[in-house]
Amino acid sequence: DLYFDLTHLSYAYADGTNALTDITLQLPKGKKIALLGHNGAGKSTLFQHLNGILKPTAGSISFCGKELNYSRKALKELRQQVGIVFQDADNQLFSGTVKQDIAFGPLNLGWTTEKIEEKIAWAVAQTQVEALLDKPIHFLSVGQKKRVAMAGVLAMEPSVLLLDEPTAGLDNYYSAQVLQYLAMLENGERTILLATHDISLAYEWADQIIVMEAGRIIYNGDPVAMFFQE
Ligand code: ADP
Ligand code: ADP
């Protein structure tokens with residue numbers, strides 16, 4: 001069973017930069033996939049295609065067997081299913097309190113109040129931000145902001161979770177804890193795609209590794225095979 005199916009996808013930014021070239025890639029259900037690559041390799045451009053922020057210049061992309069549709073309604077549905085936690089939490093947090101921020105996504109989904117409350121409580125518990133709920137976002141530390149951003153995305157119960165450098169800016173101690181916390185995000189069906197520079201994190205956690213270089217996929221397969229090739 002597949003979530004995403006990308007065929008010969010390419011993307012050029014308005015200034016002509018070819019950020020993605022001929023990407024053919026399938027993302028099955030229930031996988032833990034690490035996306036490795038240097039700065040500028042195309043990882044975040046790829047993420048932005050998976051939740052419909054960017055539209056391919058060439059090639060195609062489908063989700064659950066259907067070609068992506070970029071109407072407002074279809075994008076709203078897609079973004080409920082495909083959650084992104086950005087590298088810089090400040091890009092996705094608004095103002096107000098932690099609780100208001102976490103509620104923002106779920107409030108937009110047309111769910112009942114009971115369901116919204118239940119999902120928020122669950123996400124808050126998973127990310128351990130109970131003690132922060134009434135704090136203004138701008139008083140939080142970097143690590144706390146990352147957890148609040150994660151809670152807001154988790155509360156929408158995404159099928160696919162895109163994590164952009166979750167260990168960036170955290171020291172070794174907190175990075176090690178991110179591994180534990182990644183395990184909490186698994187639910188059998190959910191696919192987690194994690195962009196990282198951290199090769200040991202990728203090796204320990206992932207069951208599939210994709211390596212990008214200059215907009216192309218140069219490896220896609222088993223972590224063990226990757227580290228013991230050559
Ligand atoms: P990564 O996430 O792996 O660091 P990106 O997807 O951010 O890589 O970038 C891929 C390429 O696209 C790089 O060459 C980068 O400079 C370029 N790029 C990213 N955003 C823009 C933009 N808005 N306009 C032009 N080029 C961009
Ligand atoms: P500091 O104020 O020193 O920056 P943080 O707010 O980063 O502290 O971390 C406080 C707590 O949050 C710690 O117990 C740490 O384990 C946890 N933590 C920090 N970042 C993350 C993260 N990305 N995922 C999960 N837990 C985290």
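Remember, it's a predicted structure, so these values are computed and weren't measured experimentally.

Quick notes on the rules
Residues numbered from 1 in each chain as written. Chains lettered and ligands numbered in written order. Predicted model: local features only at pLDDT ≥ 70, side-chain atom pairs only at ≥ 80, totals over all residues. Heavy atoms only, no water. Core = buried A, V, L, I, M, F, W, Y, C linked by side-chain atoms within 4.5 Å. Buried < 20%, exposed > 50% of the residue type's maximum accessible area, 1.4 Å probe, protein only. Helix = DSSP H or I, 4+ residues; strand = E, 2+ residues; numbered from the N terminus. Contact = heavy atoms within 4.5 Å. Near = heavy atom within 4 Å. Polar contact = N/O pair within 3.5 Å; in protein donor to acceptor, adjacent residues only side chain to side chain. Areas by Shrake-Rupley, 256 points an atom, 1.4 Å probe, with all protein chains shown as cover. Nonpolar A, V, L, I, M, F, W, Y, C, P; charged D, E, K, R; others polar. Axes fitted to C-alpha atoms, helices over the stretch in contact; angles between N-to-C directions. Parallel < 35°, antiparallel > 145°, perpendicular 65-115°, else oblique. Left-handed = near helix turned anticlockwise from the far one by under 90°. Lys, Arg positive; Asp, Glu negative; His and termini not counted. Salt bridge = Lys/Arg side-chain N within 4 Å of Asp/Glu carboxyl O.

## A look at the nonpolar core
Counting residues in each nonpolar core, the largest one holds 43 residues, and the members touching the most others are Ile-102 and Leu-163. Looking at this core element by element, the count peaks at six residues for helix H5 (residues 142–154). The residues touching Leu-163, leaving out its near neighbours within four places in the chain, are Phe-47, Val-85, Met-150, Leu-182, Leu-185, Ile-192, Leu-193, Leu-194 and Ala-195. The next biggest cluster of nonpolar side chains, apart from the first, holds 30 residues, and it includes Tyr-11, Leu-46, Leu-75 and Ala-195.

## Describing the site of ligand 1
All residues adjacent to ligand 1 are Tyr-13, Asp-15, Thr-17, Ala-19, His-38, Asn-39, Gly-40, Ala-41, Gly-42, Lys-43, Ser-44 and Thr-45. In the model, an oxygen atom of ligand 1 is placed 2.8 Å from a nitrogen or oxygen of the Lys-43 side chain. A distance of 2.8 Å is found between an oxygen atom of ligand 1 and a backbone nitrogen or oxygen belonging to Ser-44. For ligand 1, the protein covers 62% of the area, taking 560 Å² as the surface of the free molecule. Top element by residues in the shell around ligand 1 is helix H1 (residues 43–50). It accounts for three residues. Among the residues making up the shell around ligand 1, the classes are represented as three nonpolar, seven polar and two charged.

## Focus: the packing of helix H3 (residues 98–107) against H5
Between H3 and H5, whose axes approach to 7 Å, the crossing angle comes to 30 degrees. In terms of their interaxial angle, H3 and H5 are classed as roughly parallel. Crossing angle aside, the handedness with which H3 passes H5 is right-handed. Between H3 and H5, the contacting residues are Val-98, Asp-101, Ile-102 and Pro-106 on the first element and Val-148, Ala-151 and Gly-152 on the second.

## Structural notes on the side chain of Glu-165
Among the structural elements, Glu-165 can be located in the loop between strand S7 (160–164) and helix H6 (172–184). Despite its burial, Glu-165 remains without a salt bridge, the nearest opposite charge being carried by Lys-43 at 4.7 Å. A polar atom in the side chain of Glu-165 sits 3.0 Å from the side chain of His-197. When near neighbours in sequence (up to four residues on either side) are disregarded, Glu-165 contacts Lys-43, Gln-87, Lys-146, Ala-195, Thr-196 and His-197.

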